[in-house]
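Residue strings, one per chain:
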Amino acid sequence: MTRGKSFVTIKGTKDGLTFLLDDRCSFDELIKELTDKLSANYYKSGEEERPVYVKMDLGNRYLNEEDKAQLEAVVTEGRNMRIEHYDSGVISWEEAQLMKEHAQTTTLTRMIRSGQVVHVKGNVLLVGDINPGGLLTATGSIYVMGALKGRAHAGFEGKRDARICAAMMAPAGLQIADESLYFVDKDEAVEDHMKAAFLDEVNGSIRIERVQRLLDVAAEINKEAVS
């Protein structure tokens, strides 16, 4: 009996290929059909050609690392293809717990004094000051309802859209992900109220603006990135 529905749909995009993988069949059936489809000559390529980047749309299917390795072997064998990204509607329990940790906001009511280092997973709301010589780090964004006179490092594990906001911004140094901004001279330091620091991905540097301008600035950056 001939099966009518295809388990694998391959679509071309301006960035490469998207593989739409049916989430209702078995993984073995998926691998078999993918192998058959990619055996066509027009999916073969020479080493001198540019790699074709592939996005895998898994639907509501979860793949462990062993499954991904098997899938990657089928896609890349004899072809100049690279799996760039996996899109899945489901995640593992461990991933869900990690997302919960990073999404939560922890409230601290304290002073961070000189020589003290405080690290928080997720976002942090500090009701207090960061004194000179003190350091507050967070995997998410940092909100200081007081004076930021020491150092703050948001996006500690690489989250580049994290922000640092302070009621009174006068830092010795700011860092978002792996980008840093230090104020060596007092004349260079920002001393103003209700400021926000964020990463401008267009030029790869930290910008400081009024908190109220965050939405406008985000729109400007998106417009510049597209143009």
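- By the naming in UniProt, the chain goes by Probable septum site-determining protein MinC and is assigned to Shouchella clausii.

1. Section: the sheet that holds strand β12 (residues 173-176)
Part 1: Pairing is mixed across the open sheet formed by 5 strands, whose spatial order is β6-β8-β10-β12-β13. Each having just a single partner strand, β6 (117-120) and β13 (179-182) make up the two edges of the open sheet. Across this sheet, the average inter-strand angle for adjacent strands is 10°, counted without regard to direction.
Part 2: Across 4 bridges, the pairing between strand β10 (residues 151-154) and β12 is parallel. Residue pairing for β12: Ala 152 is matched across the bridge by Leu 174.

2. Comments concerning the sheet that holds strand β1 (residues 8-13)
Part 1: Spatially, β1-β2-β3-β4 is the arrangement adopted by the 4 strands of the open sheet, whose pairing is mixed. Each end of this open sheet is capped by a strand with a single partner; those strands are β1 and β4 (81-87). Averaged over neighbouring strand pairs, the angle between their axes works out to 25° when direction is ignored.
Part 2: Across 6 bridges, strand β3 (residues 52-57) lies against β4 in parallel orientation. What sits directly across from Lys 55, in β4, is His 85.
Part 3: Packing against the sheet, helix α1 (residues 27-38) makes contact with β1, β2 (16-21) and β4, and its axis sits at approximately 50° to β1.
Part 4: Of the strands in this sheet, β2, β3 and β4 are in contact with helix α2 (residues 65-76), which crosses β4 at around 140°.

3. Thoughts on the nonpolar core
Part 1: Counting residues in hydrophobic clusters, the biggest one holds 23 residues, and the most contacted among them are Leu 136, Ile 142, Leu 148 and Ile 164.
Part 2: Of all the secondary structure elements, the ones that give two or more residues to this core are β6, β7 (123-127), β8 (135-138), β9 (142-148), β10, β11 (164-169), β12 and β14 (192-200).

4. Some remarks on unusual backbone geometry
Part 1: Positive phi, normally seen in glycine, also occurs at Ala 177, with a value near 55°.
Part 2: The residue Ala 177 is located in the loop between β12 and β13 in this model.
Part 3: Given the relative accessible area of 8%, Ala 177 is considered buried.

5. Focus: the side chain of Gln 175
Part 1: Secondary-structure assignment places Gln 175 in strand β12.
Part 2: On the basis of relative accessible area, Gln 175 is assigned to the buried category, the value being 18%.
Part 3: A distance of 3.4 Å separates a polar atom in the side chain of Gln 175 from a polar atom in the side chain of Ser 180.
Part 4: Excluding residues within four positions of it along the chain, Gln 175 makes contact with Ala 152, His 153, Ala 154, Ile 164, Ser 180, Tyr 182 and Ile 206.

6. Some thoughts on the packing of aromatic side chains
Part 1: A full pass over the atoms with the stated rule returns 0 aromatic pairs.
Part 2: Over the aromatic face of Tyr 86 sits the side chain of Lys 68, whose NZ or CZ is 4.9 Å from the ring centroid.

7. Examining the packing of α1 against α2
Part 1: For the pair α1 and α2, the least separation of the axes is 9 Å and the interaxial angle reads 15°. When the axis of α1 is compared with that of α2, the two are roughly parallel. For the pair α1 and α2, the crossing hand works out as right-handed. Residues Phe 27, Ile 31, Leu 34, Thr 35 and Leu 38 of α1 touch α2, and the partners they reach there are Asp 67, Gln 70, Leu 71, Val 74 and Val 75.
Part 2: Here the contact of α1 with α2 is composed, by residue class, of 7 nonpolar, 2 polar and 1 charged.

Rules of the game
- Residues numbered from 1 in each chain as written.
- Predicted model: local features only at pLDDT ≥ 70, side-chain atom pairs only at ≥ 80, totals over all residues.
- Heavy atoms only, no water.
- Pairing = 2+ DSSP bridges.
- Helix = DSSP H or I, 4+ residues; strand = E, 2+ residues; numbered from the N terminus.
- Axes fitted to C-alpha atoms, helices over the stretch in contact; angles between N-to-C directions.
- Contact = heavy atoms within 4.5 Å.
- Core = buried A, V, L, I, M, F, W, Y, C linked by side-chain atoms within 4.5 Å.
- Buried < 20%, exposed > 50% of the residue type's maximum accessible area, 1.4 Å probe, protein only.
- Polar contact = N/O pair within 3.5 Å; in protein donor to acceptor, adjacent residues only side chain to side chain.
- Phe/Tyr/Trp six-rings, centres within 6.5 Å; stacked < 30°, edge-to-face > 60°.
- Lys NZ or Arg CZ within 6 Å of the ring centre and 35° of its normal.
- Parallel < 35°, antiparallel > 145°, perpendicular 65-115°, else oblique.
- Left-handed = near helix turned anticlockwise from the far one by under 90°.
- Nonpolar A, V, L, I, M, F, W, Y, C, P; charged D, E, K, R; others polar.

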